[in-house]
Amino acid sequence: MINTEWYTIRALTLPATAVALLYTFLIVWLILRLQFSKKYAEIYADAVFTFMIVWKFSLFFTDFKAVIAQPISLLYFNGGTIGVFLGVLAALWQVWRKKAVVVDLKAYCWAMVLTQSIYQWFAALLNNNSVIGEVMTLVVLSLLTIFILWKLTALKQSLLLYTAGFILVAFFQPLGIWQTAVGVSLLLLCMGIVIHHNENNAGGKA
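About the criteria used
- Residues numbered from 1 in each chain as written.
- Predicted model: local features only at pLDDT ≥ 70, side-chain atom pairs only at ≥ 80, totals over all residues.
- Heavy atoms only, no water.
- Axes fitted to C-alpha atoms, helices over the stretch in contact; angles between N-to-C directions.
- Helix = DSSP H or I, 4+ residues; strand = E, 2+ residues; numbered from the N terminus.
- Parallel < 35°, antiparallel > 145°, perpendicular 65-115°, else oblique.
- Left-handed = near helix turned anticlockwise from the far one by under 90°.
- Contact = heavy atoms within 4.5 Å.
- Nonpolar A, V, L, I, M, F, W, Y, C, P; charged D, E, K, R; others polar.
- Phe/Tyr/Trp six-rings, centres within 6.5 Å; stacked < 30°, edge-to-face > 60°.
- Buried < 20%, exposed > 50% of the residue type's maximum accessible area, 1.4 Å probe, protein only.
- Patch = residues over 30% accessible without salt bridge, like charges linked within 9 Å, V, L, I, M, F, W, Y side chains within 5 Å.
- Areas by Shrake-Rupley, 256 points an atom, 1.4 Å probe, with all protein chains shown as cover.
- Salt bridge = Lys/Arg side-chain N within 4 Å of Asp/Glu carboxyl O.
- Expected span 1.5 Å × (residues − 1).
- Polar contact = N/O pair within 3.5 Å; in protein donor to acceptor, adjacent residues only side chain to side chain.
- Core = buried A, V, L, I, M, F, W, Y, C linked by side-chain atoms within 4.5 Å.

A. Just the packing of helix 7 (residues 105-126) against helix 9 (residues 155-170), in detail. Interaxial distance between helix 7 and helix 9 falls to 10 Å at its minimum, and their mutual angle equals 15°. With respect to helix 9, the axis of helix 7 lies roughly parallel. Regarding helix 7 and helix 9, the two cross each other, and that crossing is left-handed. Listed contacts from helix 9 to Leu105, Lys106, Cys109, Met112, Val113, Gln116, Ser117 and Gln120 of helix 7 are Leu155, Lys156, Ser158, Leu159, Tyr162, Thr163 and Phe166. Taken together, the residues that form the contact of helix 7 with helix 9 break down as eight nonpolar, five polar and two charged.

What follows is the structure, given as structure tokens:
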């Protein structure tokens, strides 16, 4: 979704996409806390914190001269698309490092699906994009989320199905399949497959 609106939260004026992201992280953390355990909610919170820090300070890598010239720019800008991918990779690396506490694939599946869906819902509702793009986003991702989280028990297939469905939805969105969210979705899918493989190996050794 293309950001078209800005919202004021106390003294901060944020783009709708940033507001959507903050609401998403809070809601998904709460759902994980209620559905699973404090352990998984904490892993998610740590990953989110890592993502936001890396995303924000990746401006050092994407526009180092501007940061040196005006350090206050760190308060208002971030690393953009490159920063998003760096933040996601850093967050996934942190999740992988915590495999010693057994990163459960079901909890990961819930986190992956809910984070993407809820963000897309908020992005559609808070911005003013094409009607067909917003309708497809809300309807298709809602149906996929309900079906996957409450009906489908094959977790690896769930991740593949969700990613395929999200790519389909992206075709109807303004930025198409080349948008950042699609790349992030593929990275999340790859991590899910790695976790699935790790669980199978652990089960085989047991």
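B. Representation of the packing of aromatic side chains in the model. Applying the stated criterion across every chain, the model contains seven aromatic pairs. Judged by centre distance (5.7 Å) and plane angle (85°), the ring pair of phenylalanine 36 and tryptophan 110 falls under edge-to-face. Of this pair, phenylalanine 36 sits in the loop between helix 1 (16-35) and helix 2 (38-57) while tryptophan 110 sits in helix 7, placing them 74 residues apart in sequence. The class for phenylalanine 36 is partly exposed, based on a relative accessible area of 22%. Pairing tryptophan 110 with tryptophan 150 gives two aromatic rings, centres 5.4 Å apart and planes at 65°, and the pair type is edge-to-face. Placement of the pair is tryptophan 110 in helix 7 and tryptophan 150 in helix 8 (residues 131-150), with a sequence separation of 40 residues. Among the aromatic residues, ring-to-ring pairing joins Phe25, Tyr44, Phe51 and Trp55 into one connected group.

C. Geometry of a nonpolar patch on the surface. A cluster of nonpolar side chains, Leu26, Trp29, Leu30 and Leu34, forms an exposed patch at the surface whose accessible area comes to about 430 Å². Mapped onto the fold, leucine 34 is located in helix 1.

D. Broad picture of the pattern of salt bridges. In total, this model carries one salt bridge according to the counting rule given. The partner of glutamate 42 in a salt bridge is lysine 38, and the shortest N-O contact between them spans 3.8 Å. Of this pair, glutamate 42 and lysine 38 both sit in helix 2, four residues apart, which is roughly one turn of the helix. Classification of glutamate 42 by relative accessible area gives partly exposed; the value is 39%. Relative accessible area serves as the criterion here: at 48%, lysine 38 is assigned to the partly exposed category.

E. The environment of glycine 133, seen in detail. Within the secondary structure, glycine 133 is located in helix 8. Linking glycine 133 and glutamine 173, residues 40 residues apart in sequence, is a C-alpha distance of 4.6 Å. Look past the residues within four positions of glycine 133 in its chain and what remains in contact with it is Met1 and Phe172.

F. Region of the structure containing helix 1. If you check helix 1, its first and last C-alpha atoms are 28 Å apart, about what 20 residues at 1.5 Å a residue would give, namely 28 Å. Looking at helix 1, one finds that the buried residues are Ala16, Thr17, Ala18, Val19, Ala20, Leu21, Thr24, Phe25, Val28 and Leu32.

G. Molecular detail of the side chain of serine 117. Mapped onto the elements of the fold, serine 117 is located in helix 7. A polar atom in the side chain of serine 117 sits 2.7 Å from the side chain of tyrosine 162. When neighbours within four sequence positions are excluded, serine 117 is seen to be in contact with Leu141, Thr145 and Tyr162.

H. Region of interest: the environment of glutamine 116. Here glutamine 116 shows up in helix 7. With a relative accessible area of 8%, glutamine 116 lands in the buried category. Once the C-alpha coordinates of glutamine 116 and threonine 163 are considered, the two residues, 47 residues apart in sequence, prove to be 9.8 Å apart. One polar contact links glutamine 116 to serine 185, side chain to side chain, over a distance of 2.8 Å.

I. Just the nonpolar core, in detail. If you look at the biggest cluster of nonpolar residues, it comprises 43 residues, and the most contacted ones within it are Tyr44, Phe51, Tyr108, Met112, Ile148 and Tyr162. Contributing elements (two or more residues each) for this core: helix 1, helix 2, helix 6 (80-97), helix 7, helix 8, helix 9 and helix 10 (180-205). Looking at this core element by element, the count peaks at ten residues for helix 7. Apart from the residues lying within four places of it in its own chain, the contact partners of tyrosine 162 are Met112, Val113, Gln116, Ser117, Leu141, Leu144, Thr145 and Ile148. The next biggest cluster of nonpolar side chains, apart from the first, holds six residues, and it includes Ala16, Ala18, Val19 and Leu126.

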